[in-house]
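Single-letter residue listing:
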Amino acid sequence: MTKTYTASDPVTQLANFIEASIAYQATHPKENAALLEIVFNARTAQDIPYYKLPDEEEVPLLTALCNILENGKKQGTFSVRSVNVMAKVIQGAIGEYMLIGGPLAIAAEDYSLEVTNIIWTAMKVEGPKNA
């Protein structure tokens, strides 16, 4: 998050957020695999999978992402109807990186750039498109 907030404008903040998140996925594959195992296999005492429980806690990364998107929307930089939907789209693209492997494997930098370009197109972002 440090790199994300070193920038003052939402476009660079969002590009930094996406780049840093995907880089983390690429450099921490064992941790991510362990987390997936926990999320999909851990259960409550009542045998309910944890992933089916409602999220009542604030998720710091989601909050930061929504703040960046909201600021960009207020400034007229991002054309987005729903900040929450766009945040989920971005999170989905970031999370999907850890699942790409085999013949579909792609370098983190290339994936990050492509995701950023897709998001810029969706939100009609003008000007510099990468951090």
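Just above sits the structure.
Our subject in this report is the structure included herewith. The structure presented is a predicted model; accordingly, all values stated were derived computationally and were not measured.

**Structural notes on helix H2 (residues 10–27)**
Inference 1: Taking 1.5 Å of rise per residue, 18 residues should cover 26 Å, and H2 covers 25 Å from first to last C-alpha, within 8% of that figure.
Inference 2: Regarding H2, the residues found buried are Pro10, Val11, Gln13, Leu14, Ala15, Asn16, Phe17, Ile18, Ser21, Ile22 and Gln25.

**Side note on the packing of aromatic side chains**
Inference 1: Counting across every chain of the model gives 2 aromatic pairs.
Inference 2: Taking 6.2 Å as the distance between ring centres and 25 degrees as the angle between the ring planes, the aromatic pair formed by phenylalanine 78 and tryptophan 120 counts as stacked. On the criterion of sequence distance, the pair formed by phenylalanine 78 in the loop between helix H4 (60–75) and helix H5 (83–96) and tryptophan 120 in helix H6 (residues 108–123) is long-range, its members being 42 residues apart.

**Concerning the environment of alanine 93**
Inference 1: Among the structural elements, alanine 93 can be located in helix H5.
Inference 2: When the C-alpha atoms of alanine 93 and lysine 73 are compared, they prove to be 20 Å apart, with 20 residues separating the residues in sequence.
Inference 3: Excluding residues within four positions of it along the chain, alanine 93 makes contact with Tyr111 and Val115.

**Description of a nonpolar patch on the surface**
Inference 1: Residues Leu35, Val39, Phe40 and Tyr51 make up a contiguous nonpolar surface patch of about 380 Å² in total accessible area.
Inference 2: Mapped onto the elements, valine 39 comes out in helix H3 (residues 29–41).
Inference 3: When its relative accessible area of 31% is taken as the criterion, valine 39 is described as partly exposed.

**Focus on the pattern of salt bridges**
Inference 1: For the structure shown, the criterion picks out 1 salt bridge.
Inference 2: Put simply, arginine 43 and aspartate 47 hold a salt bridge, and the shortest N to O gap is 3.7 Å.

Rules used throughout
- Residues numbered from 1 in each chain as written.
- Predicted model: local features only at pLDDT ≥ 70, side-chain atom pairs only at ≥ 80, totals over all residues.
- Heavy atoms only, no water.
- Helix = DSSP H or I, 4+ residues; strand = E, 2+ residues; numbered from the N terminus.
- Expected span 1.5 Å × (residues − 1).
- Buried < 20%, exposed > 50% of the residue type's maximum accessible area, 1.4 Å probe, protein only.
- Phe/Tyr/Trp six-rings, centres within 6.5 Å; stacked < 30°, edge-to-face > 60°.
- Contact = heavy atoms within 4.5 Å.
- Patch = residues over 30% accessible without salt bridge, like charges linked within 9 Å, V, L, I, M, F, W, Y side chains within 5 Å.
- Areas by Shrake-Rupley, 256 points an atom, 1.4 Å probe, with all protein chains shown as cover.
- Salt bridge = Lys/Arg side-chain N within 4 Å of Asp/Glu carboxyl O.

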